[in-house]
Structure formats: C-alpha cells, structure tokens
Amino acid sequence: MVVTIRFADIGILSSATDPRSNRLRWAMQAGTDPNNPALPYGEEPEGFRLARIGDLQDLEGGAYWPRLQPHFLKPHFKLLRYRIQERTGADRTPKFFSVRGASGVGDLDVAYVADRLAATLTVTGSGIPDYCLTAVSRGALKFGGAPGARTAGIDRSVGLVYRGEPGTTLSATGSHERLSVWIPATSLNQRLAALLGGPVTKDIAFEPVFDWDAVPAQRLRRLMELMVEELRAPTPFAGSELASHSFIDLMLYTLLRALPHNHSDHLARAGSPAVPGIIRRAEAYIHAHVEEPIALHEVAAAAGCSVRSLQLGFRRFRETTPLEAIRLARLVAVRDALRTGDIAGTVTDLALRFGFTNPSRFAHDYKAAFGEAPRDALRRGSGHRRHSR
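All figures in this text were calculated on a predicted structure; none of them were measured in a lab. (Residues numbered from 1 in each chain as written. Predicted model: local features only at pLDDT ≥ 70, side-chain atom pairs only at ≥ 80, totals over all residues. Heavy atoms only, no water.)

## A short note on helix α2 (residues 185-196)
Then comes step 1: In a regular helix each residue adds 1.5 Å, so twelve residues correspond to 16 Å; α2 covers 16 Å between its end C-alpha atoms and thus fits that length.
Then comes step 2: Three or more residues of α2 are buried, namely A185, S187, L188, R191, L192, A194, L195 and L196.
Then comes step 3: The first or second residue beyond α2 is G197, which carries a positive phi of 75°. (Helix = DSSP H or I, 4+ residues; strand = E, 2+ residues; numbered from the N terminus. Expected span 1.5 Å × (residues − 1). Buried < 20%, exposed > 50% of the residue type's maximum accessible area, 1.4 Å probe, protein only.)

## Topic: the pairing of strand β8 (residues 151-154)
Then comes step 1: The alternating pattern of β8 places A152 and I154 on a buried face and T151 and G153 on a face that is not buried.
Then comes step 2: The sheet contact formed by strand β7 (residues 141-144) and β8 spans four bridges and is antiparallel. Bridge pairing in β8 places K142 opposite G153. (Pairing = 2+ DSSP bridges.)

## Brief notes about the confidence of the model for the protein
Then comes step 1: Residue-level pLDDT values for the protein average 82, and 82% of them are 70 or greater.
Then comes step 2: Between the elements of the protein, mean pLDDT differs from a low of 66, seen in helix α12 (residues 374-387), to a high of 96, seen in strand β11 (residues 176-183). (pLDDT = per-residue confidence, 0-100.)

## Describing the nonpolar core
Then comes step 1: The biggest cluster of nonpolar side chains holds 78 residues, and the ones touching the most others in it are L133, L188, F206, M251 and L259.
Then comes step 2: If one sorts the elements of this core by residue count, helix α4 (residues 241-258) sits on top with ten residues.
Then comes step 3: Not counting chain neighbours up to four residues away, the residues in contact with L259 comprise L133, V161, F206, F210, A217, L220 and S264.
Then comes step 4: Formed by 31 residues, the second largest nonpolar core is a distinct cluster that contains I53, Y64, F143 and V158. (Core = buried A, V, L, I, M, F, W, Y, C linked by side-chain atoms within 4.5 Å. Contact = heavy atoms within 4.5 Å.)

## So, the packing of aromatic side chains
Then comes step 1: Scanning the model with the defined rule gives 13 aromatic pairs in all.
Then comes step 2: Consider the rings of Y131 and F206, whose centres lie 5.8 Å apart with planes at 80°: the pair is edge-to-face. Here F206 lies in the loop between α2 and β12 (209-211) and Y131 lies in strand β6 (residues 128-138), a separation of 75 residues in the sequence. Accessibility classification places Y131 together with F206 in one group, the buried group.
Then comes step 3: Considering the side-chain rings of F362 and Y366, the 5.9 Å spacing of their centres and the 55° angle between planes classify their relative orientation as tilted. Taken together, the positions of F362 and Y366, both in helix α11 (residues 359-370) and four residues apart, correspond to about one turn of that helix. For the pair formed by F362 and Y366, the shared burial category is buried.
Then comes step 4: Here a set of aromatic residues connected by ring pairs shows up, and it is made of Y64, W65, F72, F77, F143, Y162 and W182.
Then comes step 5: Positioned above the aromatic ring of Y82 is the side chain of R100, whose terminal nitrogen or guanidinium carbon lies 4.0 Å from the ring centre. (Phe/Tyr/Trp six-rings, centres within 6.5 Å; stacked < 30°, edge-to-face > 60°. Lys NZ or Arg CZ within 6 Å of the ring centre and 35° of its normal.)

## Some details on the sheet that holds strand β10 (residues 169-172)
In a beta sheet, neighbouring strands pair by backbone hydrogen bonds and run either parallel or antiparallel.
Then comes step 1: Pairing in this open sheet of five strands is antiparallel, and the strands run β2-β5-β10-β7-β8 from one edge to the other. Where the open sheet ends on each side, the last strands, each with one partner, are β2 (80-84) and β8. Sheet twist, expressed as the mean angle between neighbouring strand axes with direction ignored, is 20°. (Axes fitted to C-alpha atoms, helices over the stretch in contact; angles between N-to-C directions.)

## Details of the packing of helix α9 (residues 322-340) against α11
Then comes step 1: Contact pair α9 / α11: the axes reach a minimum separation of 11 Å and the direction vectors enclose 85°. Judged by the angle between their axes, α9 and α11 are roughly perpendicular. From α9, R327, L328, L331, V332, V334, R335 and L338 reach across to α11, where they touch F362, D365, Y366, A369 and F370.
Then comes step 2: A per-class count over the contact of α9 with α11 returns nine nonpolar, no polar and three charged. (Parallel < 35°, antiparallel > 145°, perpendicular 65-115°, else oblique. Nonpolar A, V, L, I, M, F, W, Y, C, P; charged D, E, K, R; others polar.)

## Describing the sheet that holds β6
Then comes step 1: Spatially, seven strands are ordered β1-β3-β4-β11-β6-β9-β12 in an open sheet, and the strand pairing comes out antiparallel. The sheet is open, and its two edges are formed by β1 (49-53) and β12, each paired on a single side. Going from strand to strand, the sheet's axes swing by 20° on average, the running direction of each strand aside.
Then comes step 2: With three bridges joining them, strand β9 (residues 158-164) and β12 adopt antiparallel strand pairing. Looking across to β12, one finds that G159 is bridged to F210.
Then comes step 3: Those strands touched by α2 are β6, β9 and β11, and its axis lies near 95° from that of β6.

Given below as structure tokens:
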C-alpha cells in the first residue's frame, strides 16, 4: 500500500513547482554576473548567513566557520575541510571565489555552496554522524565514500545522500552550486524506529546515488524547494513551531520512504492495520495536543503501535492519513474557537495558533471542510453570542 503525504497535511503550501524540472529552484537567480565579482552567481541566497571567501587559507583552514553562526555549531562540522583543486595566478583569481551559506529548520542544518574554482571537500578526523542530502544546481560533483568505495558522478539530475564517514570526499567542478541538508542520525533513527515499531539495530546505510526524476524522489525534491522558499521568508513557517516541526517530520519520513537503504525491505513488510481501538487512542492524543507540535512517532507511541501500523490503520478505517487527521483536528479546533469566541486578534492569528501558516490555503481548507469561510463563522458565532445574552 502506498501512503501519500501532501503539503496540505502540515497546513503549509509551497509555491508552484514543476515536477518534471531537472533542477531545484533555489532562492537566487541563476547565471554568472561578471559585474559582481563578490559572488559566483547572480543574487545571494536569501535566508542564509553568508561567508564570502577570497583567501585560499580561509577556505582550506575553515576560518570562515564563525561567520555562519548560529548554524553549524556542532563541533564535528569542523571536520569538513576544503582545498582548491583549480588554482589560478594571483592576478587572475577573483576577489571572492567562493560563497558558503548556512541556515536551518529545527535540528536540520542547511548549507549553500557556490564556487568559481574547482574544490574538494573531505570529511576528516573521526567523521560526522549526520546524514547529508545534496542537490546540485550548477556544475557537477564526484562523490567518493569511505576510502576504497566506488566514486559516482552527481549533477542536476542525480541526487546524493551519504553519511559523513571519515575520508568521504566531494570533488566539485569550477562554476559549481549546490544545496545540502544535514540530518542528525538520532532524528532519522527515531523516525525509522517509529515506522518499524521497534529499535533500529543497524545504522541506516542509504544507496548514495539516486535519480531526481523517480516519482518518490520528486516528492523529496518538492519538500526541499518548499524549505528553501520558507527560508527566504523573514520568519520561516511564520514562526510556527507546529508548522516547522510538522515539516521536519514530513521530510524525514519522506526521505526514509523515497530513497533505498538497508532497511527498505523490512520497512515495506512492517506493520499491520491498527485495530479501531488503537485509532481511537491516536485520535484522542491528537485532539489533546492540537495546539502543540505533534510528531507521528508520538501519536503511534500513545496509540500503542508503530507509525507504519498507524498509517495503515488510518488508511483502512478512516480512509485518510495520520497527518491529514492532525490537519482536520486543527481545523475543527479553529472552528470551535470561532464559535465560542476563544479568539484574540484576527482570524489569521487564530489560524497561526493552530499551525496554519498560509492564510489563503487555510481559508480554502476551512471552507472545503465546513462549507463556509472562517470569517463568516466568526460573524455567525458573534451574533449567536449576542442574542444568547
């Protein structure tokens, strides 16, 4: 059974995307700008702390790291080391030949890299426990895993996911641009354990290279596009902890389902449909925590089943998904607040309180669920309260 998760399930909506496109549309304009020597390409990415690098020792020694704070503060990220492969004469080297950007959503660290010169990244020391999902938007990469592993070519149509094992290398061409999402191993293992209904006894080992045009990978790519779009906003996800928490949940579960790894076969077999009693416990937990961030593994734990069983149970007995059930519960909570007058500020403020960060999408979903606009419900509720006094 295929469990489909939609952006609408977390109360947010991405900008229009073309699933047939072979490149992610980052938050910058593509195309080299010869009149702006400070940047490898056009405009700077919005929503990132940036380090513009014009000194080889700065790049190769990692002196730029403090400029990326408050992101990438974990000590093990200092084990990422760069060296320039393509060196030019001093009189020909651009004023700034590299830009490093850093941002993040929750415990996900997001890195932007743009280079004029060919450069190699190497994971040194004891390695990095996190996993890295990488998409190239310009140029190409040659990926080399642990020493002795086969190398692979990565470009705009080919994605990469790997763990930061010692000796891992990424060799980029000149005129290169990429985005990387670093995911803590503990967060990914937690979601996998929830899907399997038990502890993860072996570290996750992804098949590192995949095709962005494959249907499961397209879902993951659209989530990366949505994440970059949100990072451009003055306050990503409208400052809603509910929305950002739900987004991370959705992205990690999608990653585990979309890309093959050593647990994929077990994952495909795991779980049986939850019995109605378990579904009722899950629904009770959702309604009790409707104003808080809710992760699927928390719902499954409260119901006494695995996330996979939870998904199958909601599909069988409710003809929906757990995330859709959470979204509907929050819509119902908004409707109840409108009816009782439990609202401070505007309808938009109320929607944000329950994790809906896109006002137009919220209004559309509310009307689809209840047959009236939320503002009409507010007026009707206000009139009823006046007449009842």
